[in-house]
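Results of the structural survey
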Amino acid sequence: MLSILDIIWVLVIGIIVLGFIAVSAMFLIWWERKVSAHIQSRYGPMRVGWHGVLQSVADAVKLLLKENIVPAGADKLVWWLAPFIVVVPSVMAFVVIPFGKNLIVKDLNVGALYLMALSSVCVIGIFMAGWGSNNKYSLIGGMRSAAQIISYEIPLILSMIIVSMQASSLSMQKIVAAQAGYWNILHPNMALAFIVYIISATAEVNRVPFDIPEAESELVAGFHTEYSGMKFAMFFIGEYTNLFIISAIAATLFFGGWQGPVLPGAVWFLIKTYGIVFVLMWVRWTFPRLRVDQLMGFAWKVLTPVSFFNLAVTGWLLLK
Amino acid sequence: MIKLAKNFVVGTWSLIKGLAVTIKYFFRPTVTLQYPTEKQPMSECYRGLVGLRPEKCIVCYQCVKICPTACLAITHKQEDKKKTLETFKYNMELCCFCGLCQQVCPTSAIIMTNIYEISVYDRKKLDINLLDMKKYDEWTNTTIK
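On a plain count of helices and strands, chain B comes out with 3 helices and 5 strands. Going from N to C terminus, chain B has its helices and strands arranged as α-β-α-β-β-α-β-β. For 145 residues, the compact-globule estimate of 2.2 N^0.38 gives 15 Å, and the C-alpha radius of gyration of chain B, at 27 Å, exceeds that figure by more than 25%. If one aligns the C-alpha atoms of chain B with their principal axes, the spans along those axes are about 100 × 30 × 25 Å.

This brings us to the overall build of chain A. Of the regular secondary structure elements, chain A holds 11 helices and 0 strands. Each helix and strand of chain A, placed in order from N terminus to C terminus, yields the pattern α-α-α-α-α-α-α-α-α-α-α. Here chain A holds 320 residues, and the buried ones make up 44% of them. The contacts of chain A with a sequence gap of at least 6 include a subset with a gap of at least 24, amounting to 78%.

Residue and element names in this part refer to chain A. Between helix 2 (residues 55–65) and helix 9 (residues 229–254), the least distance of the axes is 6 Å, while the angle of their chain directions is 140 degrees. Looking at the two axes, helix 2 sits oblique to helix 9. Contact residues: helix 2 offers Ala60, Leu63 and Leu64, while helix 9 offers Gly229, Met230, Phe232 and Ala233. Looking at the contact of helix 2 with helix 9 residue by residue, the class counts come to 6 nonpolar, 1 polar and no charged.

A separate point is the interface of chain A and chain B. At the interface, 10 residues of chain A touch 11 residues of chain B. Partitioned by chemical class, the residues of the side of chain A that touches chain B number 6 nonpolar, 3 polar and 1 charged.

Below, the discussion takes up the sheet that holds strand 2 (residues 72–79) of chain B. Residue and element names in this part refer to chain B. The antiparallel open sheet is built from 3 strands, whose spatial order is 2-3-5. Of all strands in the sheet, those with a lone pairing partner are strand 2 and strand 5 (127–129), marking the two edges. Averaged over all neighbouring strand pairs, the angle between strand axes comes to 20 degrees, with direction disregarded. In this sheet, strand 3 (residues 82–91) lies alongside strand 2 in antiparallel orientation, the contact comprising 8 bridges. Each bridged residue has a counterpart across the sheet, and for Gln78 the counterpart in strand 3 is Lys83.

Residues and elements named next belong to chain A. By domain assignment, chain A separates into domain 1 (1–65) and domain 2 (66–319). The C-alpha-based centres of domain 1 and domain 2 are spaced at 19 Å. Facing the 17 residues of domain 1 at the interface are 17 residues of domain 2. By residue class, the composition of the side of domain 1 that touches domain 2 is 13 nonpolar, 2 polar and 2 charged.

This paragraph deals with helix 3 (residues 76–92) of chain A. Residues and elements named next belong to chain A. An ideal rise of 1.5 Å per residue puts 24 Å on 17 residues; helix 3 measures up with 25 Å between its terminal C-alpha atoms. At Ala82, helix 3 is deflected by roughly 30 degrees, the largest bend along its length, and proline Pro83 occurs up to four residues later in sequence. Inspection of helix 3 places Trp79, Ala82, Pro83, Val86, Val87, Pro89 and Ser90 among the buried residues, and these make up the whole buried set. Taken together, the buried residues of helix 3 touch helix 4 (111–132) and helix 9.

On to the nonpolar core. Residue and element names in this part refer to chain A. Ranked by internal contacts, the top residues of the largest apolar core, which has 82 residues, are Met160, Tyr197, Tyr240, Leu243 and Ala250. Ranked by residues supplied to this core, first place goes to helix 9 with 16 residues. Here this core spans two domains, since at least three of its residues come from each of domain 1 (1–65) and domain 2 (66–319). In this view, Tyr197 contacts Leu156, Ser159, Met160 and Ala250; residues no more than four positions away in its chain are not counted.

The rules we used
Residues numbered from 1 in each chain as written. Chains lettered and ligands numbered in written order. Predicted model: local features only at pLDDT ≥ 70, side-chain atom pairs only at ≥ 80, totals over all residues. Helix = DSSP H or I, 4+ residues; strand = E, 2+ residues; numbered from the N terminus. Rg over C-alpha atoms; globule rule 2.2 N^0.38 Å. Buried ≥ 20, exposed ≤ 12 C-beta atoms within 10 Å, placed from the backbone. Contact = placed C-beta atoms within 7 Å. Axes fitted to C-alpha atoms, helices over the stretch in contact; angles between N-to-C directions. Parallel < 35°, antiparallel > 145°, perpendicular 65-115°, else oblique. Nonpolar A, V, L, I, M, F, W, Y, C, P; charged D, E, K, R; others polar. Pairing = 2+ DSSP bridges. Domains from an automatic or database assignment. Expected span 1.5 Å × (residues − 1). Bend = angle between axes of the 7 residues up to and from the residue. Core = buried A, V, L, I, M, F, W, Y, C linked by C-beta atoms within 7 Å.

In structure tokens:
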């Protein structure tokens, strides 16, 4: 039976996680705009607050005040549910992310598996958004997203399995503990797994160069073309939260998580995570979008065989 | 097989080169000018709003005659042999900023300033008396050299 204290505890944790997600997403949106601007020799947002830090807050307020427009031919229920199904898994993923030695909501013994499962739920929301909008661009965007995420899931999971094999555990804290003093990335097979992971993860969160589900030049905005106001903001928050999560997972699995000298664990964890986020932003503002056939070919013909090969090599190394 | 390997190496190298270019630009200073607070300095020969140095004007009417759009209109009063300006009407609505008035002026009394922020909300404000110097403040804080 749940006591009152348990309920309060759950509420407190929920508020902390949601607050962190909101602040982190807004910070990442601002940061992405700044990084893109400086790569293009611009300033980016400068007017609202110091160097435009409050720009995202202003945007959020604007989106909150905007009218919510429902397309006439939309499948209402599916259309309404879609943004929640995109956001909820990204919030749930925070449960197993270890921010510090004891700074984890719940150290599940199947943590990595839990994350793999959640990353696939997101695609259902995107597909629902595409279908529910009753718009050909949205539908194509949703379809592409489903195809892409299903393809890239396989190399992603295979590279996560390699890490779990090394640590002989699926628990995120045990994976971090197994890397004490010697990060996973320093093993050659793990470095390969990291490259596969980061490519697949970029595809998983629909970022450039794998952003065909929301390719502006072809599909307007893809699956969220018909969304406005706070529903659109939820997709946006979901996207940036996912960006944070994939970077956090990469930091945990390959870069020793919260471990590091002098500074407290949470600081090290955030430094590593935001470092990876910066690399992803750097990649985003450098490369053009892949063609849809190249994209599928790359997942099935390159990444999947490479990860299977890597899996076999890692298994052989462990048994040797 | 060799072609594939070559493709892989060349492709990877090109990706790294691309990343190097963007990170180089990331650390370079930006080129944006924060417009209302920072302003682009205009060149000496920029033809902006027409300005007048009334103390130099000898009321020769050359500028009025040469003006292709007839946007200038002068009235004067004559005391003995000395002419003094009464009004110097300049209709900016008609002006084509050709600079002929500046070229023809024998004493360089009429000049093209480098004032370029000349949009107004009221059409009446386009018709200005150049003798009324205060009116320039409605467009800009810069004074005529």
